[in-house]
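# Structural overview
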Amino acid sequence: MDILFLGTGAADWDWSLPLKAGVRGSTCTILDGHIMLDAGPTVPYRMEQEKLNSASITDILFTHSHSDHFNLDSIAYIANAPGRKEKLRLFGSKEIFENTADLPIEGKCLEYGVDLQFGEYKFMPLPANHDLGSFEKKAYHYLIEKPNGELMLYALDGGWLMGRIREVLKERHLDLIVWDATSGTSRYNWRFGCHNDLYMIQYMCKGFGQLNIVTDTTRHVFNHIARTLWPTTPEERQAAAKEAGGLLAEDGMSISF
Ligand SMILES: [Zn+2]
Ligand SMILES: [Zn+2]
């Protein structure tokens, strides 16, 4: 699987267009060139910058409905792409579909724990610890399994992982975790119920290490980076990520899994 981090920023960056140098776009990840995770406000701009064809996006899975992840103009841009062969498919919580009636899309509401198949990959939506301002609205992490059994946990937005995730992962091994690392080096940040800092991530890794869910071979990517909660310079941010044992996501970075 090819993983492209199209945008890697939390909502405190200046998203007036064109994006200024060094500004991270809204968090969006593209798998194998056609499965998109989240479509926030900077997605059309970033796709054009990367010379990506929006008609090749077949599916968008939403982690949640916050405006930095869910933007109707961005969805319309992809759904109406010239040359599109099939209707764009959207997956998310029910509030995602409250405003998409006028768009040429097919929508499917997600249920926690119920697998979806995308080609050879299995996706399980899992509950995320992320507040959406109501008891009704839902946020998802995704457990993504390759045919060879290798597992990626795509875990943003969300603070401390839910106990249900630990139960689902029992006796299993995570090969890659894409973490919500919003709060970076800000220790004891009040966002802990919604977002992680690097110390929380290390705590969870050590805990999961006791169950062999996370081992030395597990790779970690830190994503959804807040401008104001990480060190100021790119070099200092890189160093902080390295010290915490992971790779700092950057806009346009690709990794294979
Ligand atoms: Zn966010
Ligand atoms: Zn959010």
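This section reports on the structure supplied with the text. Computed from a predicted model, the values in this text were never measured in an experiment.

Before going further, it helps to spend a moment on the overall build of the protein. A count of helices and strands for the protein gives five helices and 14 strands. With 257 residues in all, the protein has 55% of them scored as buried. Total accessible area on the protein is roughly 11,700 Å²; 51% of this is exposed by carbon and sulfur atoms. Charge separation in the protein, taken as the distance between the mean sites of 25 positive and 34 negative side-chain charges, equals 1 Å.

The protein atoms that coordinate the zinc ion (ligand 1) are Asp-68 (OD), His-69 (NE2), Asp-157 (OD) and His-224 (NE2), at distances spanning 2.1 to 2.2 Å. The site at the zinc ion (ligand 1) holds four donor atoms, and with the angles between them running 88 to 168 degrees, its shape is irregular. Within one chain, the residues serving as donors to the zinc ion (ligand 1) are arranged as D-H-x87-D-x66-H. The zinc ion (ligand 2) is placed at 3.4 Å from the zinc ion (ligand 1), the two being bridged by Asp-157.

Quick look at helix 2 (residues 72-79) now. Because an α-helix packs 3.6 residues into every turn, residues spaced three or four apart end up facing the same way. Among the residues of helix 2, those classed as buried are Ser-74, Ile-75, Ala-76, Ile-78 and Ala-79. Along its buried surface, helix 2 packs onto strand 3 (35-37), helix 1 (43-49), strand 4 (59-61), strand 5 (88-92) and strand 6 (105-109). By the N-cap criterion, in which a side-chain oxygen at the helix start approaches the backbone nitrogen of a residue two or three places on, helix 2 is capped by Asn-71, the distance to Asp-73 being 3.0 Å.

Once that is clear, we can look at the packing of aromatic side chains. A complete count under the given rule lists seven aromatic pairs for this structure. Between the aromatic rings of Phe-62 and Phe-70, the centroid separation amounts to 5.4 Å while the plane-to-plane angle is 80 degrees, which identifies the pairing as edge-to-face. Accessibility expressed as a relative area gives 1% for Phe-62, which makes it buried. When the centroid spacing of 5.1 Å and the interplanar angle of 80 degrees are considered together, the rings of Phe-91 and Phe-118 count as edge-to-face. Taken together, the positions of Phe-91 in strand 5 and Phe-118 in strand 7 (residues 116-118) put the pair 27 residues apart, joining distant regions of the chain. Accessibility classification places Phe-91 together with Phe-118 in one group, the buried group. Here a set of aromatic residues connected by ring pairs shows up, and it is made of Phe-91, Tyr-112, Phe-118, Phe-123, Tyr-140 and Tyr-142. The lysine or arginine in question, Lys-146, covers the ring of Phe-257, its NZ or CZ lying 4.7 Å from the ring centre. The ring of Tyr-199 carries Arg-187 above its face, with NZ or CZ at 3.8 Å from the centroid.

Once that is clear, we can look at the coordination of the zinc ion (ligand 2). Bound to the zinc ion (ligand 2) on the protein side are His-64 (NE2), His-66 (ND1), His-130 (NE2) and Asp-157 (OD), at distances that span 2.2 to 2.5 Å. Every donor counted, the four donor atoms about the zinc ion (ligand 2) form angles of 89 to 171 degrees at the centre, which fits irregular coordination.

Turning our attention to the sheet that holds strand 4. Sheets are built from strands that pair by backbone hydrogen bonding, the pairs being arranged parallel or antiparallel. On the basis of which strands lie adjacent, the open sheet formed by seven strands has the order 6-5-4-3-2-1-14 and mixed pairing. Two strands bound the open sheet, and with one partner strand each, they are strand 6 and strand 14 (253-256). Neighbour-to-neighbour, the strand axes of this sheet turn through a mean angle of 20 degrees, independent of strand direction. Bridge analysis of strand 1 (residues 2-7) against strand 2 (residues 28-31) gives four bridges, and the strand direction is antiparallel. Within strand 2, the residue paired with Ile-3 across the bridge is Leu-31. Relative to the sheet, helix 2 contacts strand 3, strand 4, strand 5 and strand 6, its axis offset from that of strand 5 by approximately 145 degrees.

So, how was this worked out
- Residues numbered from 1 in each chain as written.
- Chains lettered and ligands numbered in written order.
- Predicted model: local features only at pLDDT ≥ 70, side-chain atom pairs only at ≥ 80, totals over all residues.
- Heavy atoms only, no water.
- Helix = DSSP H or I, 4+ residues; strand = E, 2+ residues; numbered from the N terminus.
- Buried < 20%, exposed > 50% of the residue type's maximum accessible area, 1.4 Å probe, protein only.
- Areas by Shrake-Rupley, 256 points an atom, 1.4 Å probe, with all protein chains shown as cover.
- Lys, Arg positive; Asp, Glu negative; His and termini not counted.
- Charge placed at Lys NZ, Arg CZ, Asp CG, Glu CD.
- Donors = N, O, S within 2.8 Å, 3.2 Å for Na, K, Ca; no water.
- Tetrahedral: all angles 85-135°; square planar, octahedral: opposite > 155°, others 65-115°.
- Contact = heavy atoms within 4.5 Å.
- Polar contact = N/O pair within 3.5 Å; in protein donor to acceptor, adjacent residues only side chain to side chain.
- Phe/Tyr/Trp six-rings, centres within 6.5 Å; stacked < 30°, edge-to-face > 60°.
- Lys NZ or Arg CZ within 6 Å of the ring centre and 35° of its normal.
- Pairing = 2+ DSSP bridges.
- Axes fitted to C-alpha atoms, helices over the stretch in contact; angles between N-to-C directions.

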